[in-house]
Amino acid sequence: PVRHRKSVVNHERVASYAFAFDIDGVLVKGPETIPQGPEALRMLNGHNKYNIKVPYIFITNGGGRSEKARCRDLSKRLGITVTEDQVIQGHTPMKDLVDVYENVLVVGGVLDSCRKVAEGYGFKNVYIPLDVMKWKPSVTPYYVLNEEERNIAKDVDFSKINIQAILVFADSRNWAADQQIILELLMSEKGVMGTISPTYDQGPGLYFAHSDFVWATDYGLCRYGMGALQVSIAALYEEHTGKELQVTRFGKPQRGTFRFAEKVLSNWRRETLSEHVENLKLEDPDEGENKETPFGDSDSEEDEADWGNDSGERPGDLVLELPPASTVYFVGDTPESDIRFANSHDSTWYSILVKTGVYKDGVTPRYTPKKTCENVLEAVNFAIEREH
Ligand code: G3P
Ligand code: MG
């Protein structure tokens, strides 16, 4: 018998292709939500003329809050449910450093927001510049902590602590003070405040969550980002020591982040397919009678998950062994990070540049996208039509 399962699932198939979205400049701009964003994602959730659900993840260089908090915010703004398994922030891959460093200085974000994120990742001893300023206010002679900052800062004797790594998690809210402290540590002996290494080669490692020089906010012109801070620190370091600054970079377009993203996307596609199969089971009046595969004796083509697989395997089999996405459409607004990122793997990734963020019409992008669209909705429409 033909089964009717549409009351539970509003989509009939799951696509073999997928999407990855940049956030700032594509879906949001500071406090504003880009108006076409909610509709674009609704379409991918199955509300499109092909009744197909398309898996998608988010890859932002932004950060400064936990992945959970980011999901809550995105869900609210976009009117969809975004889960932690779908989101990669600039600092997300830094989780892998938890077992490498015991004492870290985490820089950026509002007050101690990034300390909390780092502790959530499992870092043991997380210090922030405010702790250093509380320890010795003369470290930053022109900045006096206010009461809130003093309350948040920990009491630490930094002459007895060796900072092994400086992790710039989010945009600095206090460039002058943060740079002063970062540079002192970079030139110190083994990351101890108040010391100077004669050879300038014993300081802690420096890690940046991303290197975006500028980013798009609700102000008309772009604002300097973490990449600009990096340029500034490198210039000061070189001026002072005559040496080139060594930095480890995360975020787009770094290769490490790409590998991380592929893993996240693959897990999310598997998750989407399992959920689809579960929904079909729920809708199946004969479930339990025929346990062979959730698609059992279905003779309806529309029940099949569209994984572009010609091997004759059933979707139930594919839950364990999923073929890679046929195409990953990556929608971004910054040629230097987003388009470069997607183009670095252009056998499967397809770069789409939108005009709602950093990139502006009339400029030749430094990295050429496969397609340019006005906004994210146009990008999603274009890709879906291209696939069908
Ligand atoms: O600070 C965040 C900004 O540099 C970029 O965020 O979402 O455009 O990668 P996004
Ligand atoms: Mg962006």
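Small disclaimer: the values here were computed from a predicted structure and weren't measured. Sequence order as written defines residue numbering, which begins from 1 separately in each chain. Naming scheme: in the order in which they are written, chains are lettered from A and ligands are numbered from 1. Residue-level local features of this predicted model are given only where pLDDT is at least 70; pairs of side-chain atoms are given and counted only at 80 or more, and the full residue set underlies all totals for whole chains, interfaces and linings. Only hydrogens and water are removed before side-chain values are computed, so all heavy atoms of the structure are retained for them.

Caption draft 1: Spatial organisation of the sheet that holds strand 10 (residues 165-168). In this analysis, strands are considered paired if DSSP registers two or more bridges between them. Numbering of helices and strands runs from the N terminus; a helix is a DSSP stretch of H or I covering at least four residues, while a strand is a stretch of E covering at least two. Strand order in the open sheet formed by 5 strands is 9-8-10-11-14, with parallel pairing between adjacent strands. Looking at strand neighbours, the two that pair on one side only are strand 9 (125-127) and strand 14 (248-249), the edges of this open sheet. Pairing analysis gives 4 bridges linking strand 10 to strand 11 (residues 205-208), with the strands arranged parallel. Bridge pairing in strand 11 places L167 opposite Y207. We call two residues in contact when some of their heavy atoms are within 4.5 Å. Axis definition: a line fitted to C-alpha atoms, over the contacting stretch in the case of helices. Angles run 0 to 180 degrees between N-to-C directions. Contacts between helix 3 (residues 113-121) and the sheet are confined to strand 8 (103-107) and strand 9, with strand 9 contributing the most and set at about 165° to the helix. Packed on one face of the sheet, helix 7 (residues 226-241) meets strand 10, strand 11 and strand 14 and runs near 155° to strand 11.

Caption draft 2: Just the layout of surface pockets, in detail. Empty space within the largest pocket amounts to approximately 660 Å³. Each cavity reported here is a set of points on a 1 Å grid over the protein atoms alone in which a 1.4 Å probe fits but cannot get out, each pocket an open set with protein on both sides within 12 Å along at least five of seven lines, and each lining residue one with an atom within 4 Å of a point. For the largest pocket, the lining is made up of 38 residues, of which D24, G62, G63, D171 and W215 are closest to its centre. Secondary-structure elements contributing two or more residues to the lining of the largest pocket are helix 2 (67-78), strand 12 (214-215) and helix 10 (335-343). A per-element tally of the lining of the largest pocket places helix 2 first, with 4 residues. Grid points are joined across faces, edges and corners, and a volume is the space filled by probe spheres set on the points.

Caption draft 3: Local environment of a nonpolar patch on the surface. Nonpolar side chains collect at one region of the surface, where W175, F213, Y224 and V231 lie side by side and expose about 430 Å² of accessible area between them. In this structure, Y224 sits in strand 13 (residues 223-224). Each patch is built from salt-bridge-free residues with over 30% relative accessible area, joining like charges within 9 Å and nonpolar side chains (Val, Leu, Ile, Met, Phe, Trp, Tyr) within 5 Å. Where accessible areas are quoted, they stem from the Shrake-Rupley method and a 1.4 Å probe; at the residue level, only the protein chains shown are allowed to cover. A pairing counts as a salt bridge when a side-chain nitrogen of Lys or Arg comes within 4 Å of a carboxyl oxygen of Asp or Glu.

Caption draft 4: Seen up close, the pattern of salt bridges. In the structure shown here, the tally under the stated rule is 15 salt bridges. Here R65 and D73 are joined by a salt bridge, their closest N and O atoms 3.7 Å apart. Throughout, exposure labels follow a simple rule: accessible area from a 1.4 Å probe, protein chains only, divided by the maximum for the residue type, with under 20% read as buried, over 50% as exposed, and the rest as partly exposed. Accessibility expressed as a relative area gives 30% for R65, which makes it partly exposed. Put simply, D157 and K160 hold a salt bridge, and the shortest N to O gap is 3.0 Å. A residue is classified by how much of its surface remains accessible, and D157, at 32% relative accessible area, is partly exposed. Each of D22, K252 and D338 takes part in salt bridges that share partners, so that together they form one network.

Caption draft 5: Molecular detail of the coordination of the magnesium ion (ligand 2). Taken together, D22 (OD), D24 (O) and D333 (OD) make up the full set of protein donors to the magnesium ion (ligand 2), lying 2.0 to 2.1 Å away. Here the donor residues of the magnesium ion (ligand 2) are spaced in sequence according to D-x1-D-x308-D. Taken together, the positions of D24 in the loop between strand 2 (18-21) and strand 3 (28-29) and D333 in the loop between strand 15 (328-332) and helix 10 put the pair 309 residues apart, joining distant regions of the chain. Considered together, D24 and D333 belong to a single accessibility category, that of buried residues. Counted as donors are N, O and S atoms no farther than 2.8 Å from the metal, or 3.2 Å for Na, K and Ca; water is not among the atoms, and sites may therefore look incomplete.

Caption draft 6: Structural view of the environment of I23. Along the chain, I23 turns up in the loop between strand 2 and strand 3. The buried category is assigned to I23, whose relative accessible area is 1%. Along the sequence, I23 and G357 sit 334 residues apart, while their C-alpha atoms lie 9.8 Å from each other. Aside from chain neighbours lying at most four places away, what touches I23 is V28, F58, I59, T60, R70 and L74.

Distances and angles like these do not, on their own, reveal function.
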